[in-house]
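So you can see what is in the structure, the chains are spelled out below.
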Amino acid sequence: MKRNLIEDGINYLKYVRKNKGISVPSEYLKNIEIEIPDGKSGTIEMAAETHKKEYKDKLPGTNVVRDGGAVSLIKEDWMEVKNIPELDEKINKCSKCPLHSTRKNFVFGTGNPKADIMLIGEAPGAEEDNQGKPFVGRAGKLLTDILKAINLTREEVFICNILKCRPPENRNPLPEEIVRCEPYLLKQLELIKPKFILCLGTFAGQTMLRAKEPLGKMRGKFYNFNYSDLSAKLMVTYHPAALLRNPNWKRPTWEDVQLFRKEYDKEKEK
Ligand code: SF4
């Protein structure tokens, strides 16, 4: 039984590496093949479950649904936490990727830990790194205004990023950084259990959907996002920083968030 789970986990990681364009650090595979310490099988089961789910989700009748992306097969204590403040406490000293050495602050995310709506951006920028909070500065103010326009406050939703530490010079996150950091985001999703997810920007949309399409193709519609026992409606729209650079994108963003609000209201009426 245990051996099957291990093989399933290894196959899953190989599948991710081959088909998703994500390079899974090889030490994960080596660790498994060399030794499985006692008590670590829970995490292997998690990967195996995700692997099975991947095929289930390809059945007809579903929209684009991504796999969970569980890539760490070694059990770590943050994986067992039961609430958002505890998760922050357990992971905010993380040094799993080189970004820990250049960050000023770890940026966990802010807002309602039981929010119906989660907003996900790419990674902290300079101001976020300074303050340890997501979406502050000019782009953050614009995001607050966008939320206000659809009768939401920052306190009602939960706002975070795919990466919790700032990439130098705001460069795009690297695949190895995502592989190491994304499990934290998945844990946030698992604990918060939002009903709606709004991805801000190309990078967040592509990462969450495991897609390669440009933003113009991803935006304006809903996707089903299933992970663990979470089932949420996901939409992608422009990042507020992009709107500051190109005001022509304000109109499509406005259309997206209106649609988002309408669907959210429909869900609340149920
Ligand atoms: S970006 Fe993520 S994985 Fe890298 S050090 Fe920061 S928290 Fe850890």
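(A) Structural context of the overall build of the chain. Helix and strand counts for the chain stand at eleven helices and six strands. Within the span of the chain, comprising 270 residues, buried residues form 39% of the whole. Nonlocal contacts in the chain, meaning residues at least 24 apart in sequence, comprise 73% of its contacts between residues at least 6 apart.

(B) Structural view of the site of the ligand. Lining the immediate surroundings of the ligand are Cys-94, Ser-95, Lys-96, Cys-97, Leu-99, His-100, Leu-163, Lys-164, Cys-165, Glu-177, Arg-180 and Cys-181. Among the residues making up the shell around the ligand, the classes are represented as six nonpolar, two polar and four charged.

(C) Region of interest: the pairing of strand β6 (residues 230-237). Sheet topology note: the strand β4 (residues 196-200)/β6 ladder contains five bridges and is parallel. Within the sheet, the bridge partner assigned to Leu-200 lies in β6 and is Thr-237. Sheet topology places strand β5 (residues 223-227) next to β6; five bridges connect them, and they run antiparallel. Note that in β6 the partner of Asn-226 across the bridge is Ser-231.

(D) Inspection of the confidence of the model for the chain at higher detail. When the pLDDT values of the chain are averaged, the result is 80; 72% of them are 70 or greater. Across residues 1-5, where pLDDT falls below 50, the model places five contacts with residues more than four positions away in sequence or in other chains. Counting interchain partners and residues more than four positions distant, the pLDDT-below-50 stretch residues 21-73 has 91 contacts.

(E) Expanded view of helix α4 (residues 84-91). Inspection of α4 places Ile-84, Leu-87 and Ile-91 among the buried residues, and these make up the whole buried set. End-on view of α4: buried residues confined to an arc of 55°, all on one side of the axis. Where the residues of α4 are buried, they touch α7 (175-192).

(F) The pairing of strand β3 (residues 158-161), seen in detail. Side-chain alternation along β3 places Phe-158 and Cys-160 on one buried face and Ile-159 and Asn-161 on a second face that is also buried. The pairing of strand β1 (residues 110-111) with β3 spans two bridges and is antiparallel. What sits directly across from Thr-110, in β3, is Ile-159. Direction of pairing for strand β2 (residues 117-121) relative to β3: parallel, over a ladder of four bridges. Counted as the bridge partner of Met-118 is Phe-158 from β3.

(G) Quick look at the sheet that holds β4. The strand order across the open sheet formed by six strands is β1-β3-β2-β4-β6-β5, and the pairing between neighbours is mixed. The open sheet has two edge strands with one neighbour each: β1 and β5. Helix-sheet contacts for α7 involve β2, β3, β5 and β6, and the interaxial angle to β3 is about 165°. Across the sheet, helix α8 (residues 202-209) is in contact with β2, β4, β5 and β6; its angle to β4 comes to roughly 130°.

(H) How the structure looks around the packing of α4 against α7. Taken N-terminus to C-terminus, the directions of α4 and α7 make an angle of 165°; their axes are 10 Å apart at the nearest point. Here α4 lies roughly antiparallel to α7, going by the angle between them. α7 is crossed by α4, and the crossing has right-handed handedness. Between α4 and α7, the contacting residues are Ile-84, Leu-87 and Ile-91 on the first element and Tyr-184, Lys-187, Gln-188, Leu-191 and Ile-192 on the second. Split by residue class, the contact of α4 with α7 holds six nonpolar, one polar and one charged.

Rules used in this analysis
- Residues numbered from 1 in each chain as written.
- Predicted model: local features only at pLDDT ≥ 70, side-chain atom pairs only at ≥ 80, totals over all residues.
- Helix = DSSP H or I, 4+ residues; strand = E, 2+ residues; numbered from the N terminus.
- Buried ≥ 20, exposed ≤ 12 C-beta atoms within 10 Å, placed from the backbone.
- Contact = placed C-beta atoms within 7 Å.
- Near = placed C-beta within 6 Å.
- Nonpolar A, V, L, I, M, F, W, Y, C, P; charged D, E, K, R; others polar.
- Pairing = 2+ DSSP bridges.
- pLDDT = per-residue confidence, 0-100.
- Arc of directions from axis to C-beta.
- Axes fitted to C-alpha atoms, helices over the stretch in contact; angles between N-to-C directions.
- Parallel < 35°, antiparallel > 145°, perpendicular 65-115°, else oblique.
- Left-handed = near helix turned anticlockwise from the far one by under 90°.

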